[in-house]
Amino acid sequence: MKGKYTVLVQNNRLRYEFVISRNITIIRGDSATGKTTLLELLAAYNADGDSSGVLVKSEVPCVVIGGRRWQENLQYIHHSIVFIDECNRFVKSEDFAVQVKESDNYFVIVTRDDLPNLPYSVKEIYGIRTSNKYRGLKQVYNEFYHLYGKTVSTKFDKEDIVLAEDSNSGFEFFSSIYGNQVQCMSAQGKSTIFGFLQTHRQQKILVIADGATFGCEMEKIMQLIRLGRKITLYFTDLLIQKTKDTYLAYTKRSLNPVYLQDTVKSKIIDAMFPLSF
């Protein structure tokens, strides 16, 4: 499956409307925010169709799975949006990660836990809230919102350390920019970044990471930022999107030689730093 899918789920009391745009979507939030209720409505529709009193509108089927037979059930589901509740602990397993990688479905997972085996995007982590879109109607309208969504304008401001998730393009590019002025280091993978930030508590750190796979690390690092730690995040997937199909095309595996030209470096810096959490 590719592309975006708008999903409408409603009964006579509740209405959910949202867009699923990637293969893994995470829904988080405290109890009583409507996460489980959404899946209960979908499960009722799966079981009884229109007689359930639930209306589901989507270009592709929306299916709820769970329990011990999840693997058996999943093998018969194709080109669908698969919803899974947080009570199903298999979502943290390597077996499930393999199934997701090989699947032609999209997955929406309700969980308050990080899922380190799954490469999900920072941009695809949502909460659910009540909207005022249909104020005055009897139905309660619920919508998804980006949990880490809005960015604020910032500028590079004498970071002590630049920490690149990878040891390839990101590390090479930022090392060429800052030279000996700022210490540039490679984390050798996203799973070590949080520990590094914990160790270097007093320093101002710019973290360069792949936002498309960084979702499982995001909440831990946001906790540090909420505590006042001097951490700036920049995600290279933004750079990848902006330069796609141009001579400036950025890839993670190897650095485009044009990025080492002084004029290009300046343009990249101007483009990247207005966007940071």
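It should be noted that the structure appears before, not after, this text.
Residues numbered from 1 in each chain as written. Predicted model: local features only at pLDDT ≥ 70, side-chain atom pairs only at ≥ 80, totals over all residues. Heavy atoms only, no water.

Draft legend 1. Quick look at the pairing of strand E2 (residues 14-20). Of all the 7 residues making up E2, 5 are buried; the element is thus mostly covered by neighbouring parts of the structure. Here 6 bridges tie strand E1 (residues 5-10) to E2, and the two strands are oriented antiparallel to one another. The partner of Tyr5 across the bridge, within E2, is Ile20. Connecting E1 to the next strand, E2, in antiparallel fashion are 3 residues. Bridge count between E2 and strand E9 (residues 140-146): 4 bridges; the pairing is parallel. Note that in E9 the partner of Leu14 across the bridge is Val140. (Buried < 20%, exposed > 50% of the residue type's maximum accessible area, 1.4 Å probe, protein only. Helix = DSSP H or I, 4+ residues; strand = E, 2+ residues; numbered from the N terminus. Pairing = 2+ DSSP bridges.)

Draft legend 2. Just the sheet that holds strand E13 (residues 231-235), in detail. The sheet built from 4 strands is open, its strands ordered E11-E10-E12-E13 with parallel pairing. The sheet is open, and its two borders are formed by strand E11 (183-186) and E13, each paired with just one other strand. On average, adjacent strands in this sheet sit at an angle of 20 degrees to one another, irrespective of strand direction. When strand E10 (residues 161-164) meets strand E12 (residues 205-209), the two strands line up parallel, connected through 4 bridges. Within E12, the position partnered with Leu163 by the bridge is Val207. Contacts between helix H4 (residues 169-178) and the sheet are confined to E10, E11 and E12, with E11 contributing the most and set at about 175 degrees to the helix. Contacts from helix H7 (residues 236-243) reach E12 and E13 within the one sheet, and its direction differs from that of E13 by about 35 degrees. (Axes fitted to C-alpha atoms, helices over the stretch in contact; angles between N-to-C directions. Contact = heavy atoms within 4.5 Å.)

Draft legend 3. Inspection of the nonpolar core at higher detail. In terms of nonpolar packing, the biggest core is built from 41 residues, with Phe96 and Leu118 touching the most fellow members. Broken down by element, this core gets its largest block of residues, 5 residues, from helix H6 (residues 215-226). Setting aside residues up to four positions removed in sequence, Leu118 forms contacts with Ile24, Val91, Phe96, Ala97, Val100 and Ile109. Of all hydrophobic cores here, the second largest spans 24 residues; its members include Phe18, Val54, Ile81 and Ile128. (Core = buried A, V, L, I, M, F, W, Y, C linked by side-chain atoms within 4.5 Å.)

Draft legend 4. A look at H4. What H4 keeps buried is the set Ser169, Gly170, Phe173, Phe174 and Tyr178. The buried side chains of H4 occupy one side of the element, clustering within an arc of 135 degrees when seen end-on. The first or second residue beyond H4 is Gly179, which carries a positive phi of 50 degrees. (Arc of directions from axis to C-beta.)

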